[in-house]
Amino acid sequence: MKVSRRSHVPPFAVMEVLAAANARRAAGADVLNLCAGEPSTGASDVVRERAIALLRDGNLGYTEALGVPALRAEIAGHYKRWYDVDVDPARIAVTTGSSGGFVLAFLASFDVGDRVALARPGYPAYKNILSALGCEVVELDCGPETRYQPTVSQLNEAYYGGGLDGVMVASPANPTGTMITPAELAAIAEWCADHDVRLISDEIYHGIAYSDEVAQATAATFVDQGAVVVNSFSKYWAMTGWRLGWLVLPDELVAPVDALAGNVALSPPALAQQAGIAAFTPEGYAAAAQNVAQYAASRTLLLERLGELGWRPVAPADGAFYLYGNIAEFGLDSVTYCARLLAEADVAITPGTDFDGVHGHDWVRLSFASSLDTVTRAVDRIVAWHKTL
């Protein structure tokens, strides 16, 4: 029997590194795992306690396809508290993680053959999902000259070079951690509206930011102009395995996403939805802020020891919890570098080939979503391992 052409997407290399790291750990090795973008703390106590109560007494049957009204109302309140943006809860779709949100947003927004622009380096699932859905991905080569983020000038070049139907942005971005300024986001949103191009903004790392120079801005401000926001409980609230995310939608996409969601998944996980309401309590916000302070300490350590690491250049780590650095001077491609680092020093990081099919062989991504002690020990091991090369 045949296998569909649309299923021929590259595997996510970070999962292969993670599997190899887990195998070494199972064999007794003291592996320091800094390859996955997963907060080490897990969900806050207030969310866990809410989940325990729900397992004992709650109604955990199917919910509305777009999510329980109480959670949608809390998400709308979050936009008012954080950004002073009024969002109608009717425009919010709760999803099975941001991954499920991307699938719904892309299905509702684009047809087979549509052209969608996105930054390279970038999160590989954008490209792979779009390709599987029959869209043409237009990669924008974003380096230090643009702070690894797309520009209006690049969009113009892509638009007049073959047309565009969509633009995908991420701020803070994976793997670089760079952010788009409010003025830059406004300019991109205005360009998209003027050219009838759908803007989709990945904001799953919002709340995890370190730079006083780059403020967080949300594309929810531009939903009336057709923008779509994707967000998640996985990163800021450290609820990765709960598979809970959301979309903020323009009016014309609410009914299509509702219909698609009901057919694709019936509803997001009921337990995660009901427990996720507790993330918006003062205790939930406080626990998330404490996590961010931990990431900030690890980030500071990494930046202070860049000279020892010898990774140069590195992308500006404005937000998220990644350090994306160039390892070309060590004479190893990134896949070999990461494989040997794991085998010889028991430190797991991710090769840049996941994020950039052109230049990624010279880059690696380290996730500092772990304790300061773990990151410190990992840097010590990497520095010592470099001396053996």
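The text that follows walks through the structure, step by step, so that each part is easy to find. (Residues numbered from 1 in each chain as written. Predicted model: local features only at pLDDT ≥ 70, side-chain atom pairs only at ≥ 80, totals over all residues. Heavy atoms only, no water.)

1. Concerning helix H12 (residues 334-345)
Taking 1.5 Å as the rise per residue, H12 with 12 residues should run 16 Å; its terminal C-alpha atoms sit 15 Å apart, in good agreement. Buried residues of H12: Ser 334, Tyr 337, Cys 338, Leu 341, Leu 342 and Ala 345, and no others. End-on, the buried residues of H12 take up no more than an arc of 125°, which puts them together on one face. Packing partners of the buried residues in H12 comprise helix H1 (13-26), strand E10 (347-348), strand E11 (350-351), strand E12 (363-367) and helix H13 (372-386). Just past H12, the residue Asp 346 takes up positive phi, approximately 55°. (Helix = DSSP H or I, 4+ residues; strand = E, 2+ residues; numbered from the N terminus. Expected span 1.5 Å × (residues − 1). Buried < 20%, exposed > 50% of the residue type's maximum accessible area, 1.4 Å probe, protein only. Arc of directions from axis to C-beta. Contact = heavy atoms within 4.5 Å.)

2. A look at the pattern of salt bridges
Once their charged atoms are close, side chains differing in charge can pair, the charge on each being opposite to the other. Throughout the structure, instances matching the rule amount to 19 salt bridges. The salt bridge involving Arg 24 is made with Asp 346; its shortest N-O contact spans 2.7 Å. Here the residue Arg 24 occupies a position in helix H1, and Asp 346 occupies one in the loop between H12 and E10, the gap between them amounting to 322 residues. Given a relative accessible area of 15%, Asp 346 falls into the buried group. One salt bridge connects Glu 308 with Arg 305, and the closest N-O pair in it is separated by 3.0 Å. In this structure Glu 308 comes out as partly exposed when scored by relative accessible area, which is 44%. Each member of the salt-bridge network shares a partner with another, and the members are Arg 120, Lys 127, Glu 139, Asp 141 and Asp 356. (Salt bridge = Lys/Arg side-chain N within 4 Å of Asp/Glu carboxyl O.)

3. A short note on the pairing of E12
With respect to burial, E12 is a largely interior element, five of its five residues being buried. Summarising the sheet, strand E9 (residues 322-326) and E12 pair through five bridges and their orientation is antiparallel. Within the sheet, the bridge partner assigned to Leu 323 lies in E12 and is Leu 366. (Pairing = 2+ DSSP bridges.)

4. Comments concerning the nonpolar core
By size, the foremost hydrophobic cluster in this structure holds 90 residues, and its most contacted members are Val 167, Trp 237, Trp 311, Tyr 337 and Ile 349. The residues touching Trp 311, leaving out its near neighbours within four places in the chain, are Leu 306, Leu 323, Gly 325, Asn 326, Ile 327, Phe 330, Tyr 337, Ile 349, Val 364, Leu 366, Ile 382 and His 386. Residues Ala 65, Leu 104, Leu 130 and Val 137 belong to the second largest nonpolar core, which totals 27 residues. (Core = buried A, V, L, I, M, F, W, Y, C linked by side-chain atoms within 4.5 Å.)

5. Considering the pairing of strand E8 (residues 245-248)
Burial along E8 is two-sided: Gly 245 and Leu 247 facing one way and Trp 246 and Val 248 facing the other are all buried. Two elements, strand E2 (residues 92-95) and E8, share four bridges in a ladder whose sense is antiparallel. When the sheet's bridge partners are listed, Ala 93 is paired in E8 with Leu 247. Of the pairings in the sheet, the one linking strand E7 (residues 228-232) to E8 comprises four bridges and is antiparallel in character. Across the sheet, Val 229 pairs through a bridge with Val 248, a residue of E8.

6. A look at the sheet that holds strand E5 (residues 166-170)
Here we have seven strands laid out as an open sheet, ordered E2-E8-E7-E6-E5-E3-E4, and mixed in their pairing. The strands lining the two open edges of the sheet, one partner per strand, are E2 and strand E4 (136-141). Here the average twist between neighbouring strands, direction ignored, is 20°. Both E5 and strand E6 (residues 198-202) contribute to a ladder of five bridges, which runs parallel. Its bridge partner lying in E6, Met 168 is registered against Ile 200. Contacting E5 and E6, helix H7 (residues 182-194) runs over the sheet at an angle of about 165° to E5. (Axes fitted to C-alpha atoms, helices over the stretch in contact; angles between N-to-C directions.)

7. Quick word on the environment of Ala 293
Counting through the fold element by element, Ala 293 comes out in helix H10 (residues 282-304). C-alpha of Ala 293 to C-alpha of Ala 209: the two residues are 84 residues apart in sequence and 9.9 Å apart in space.

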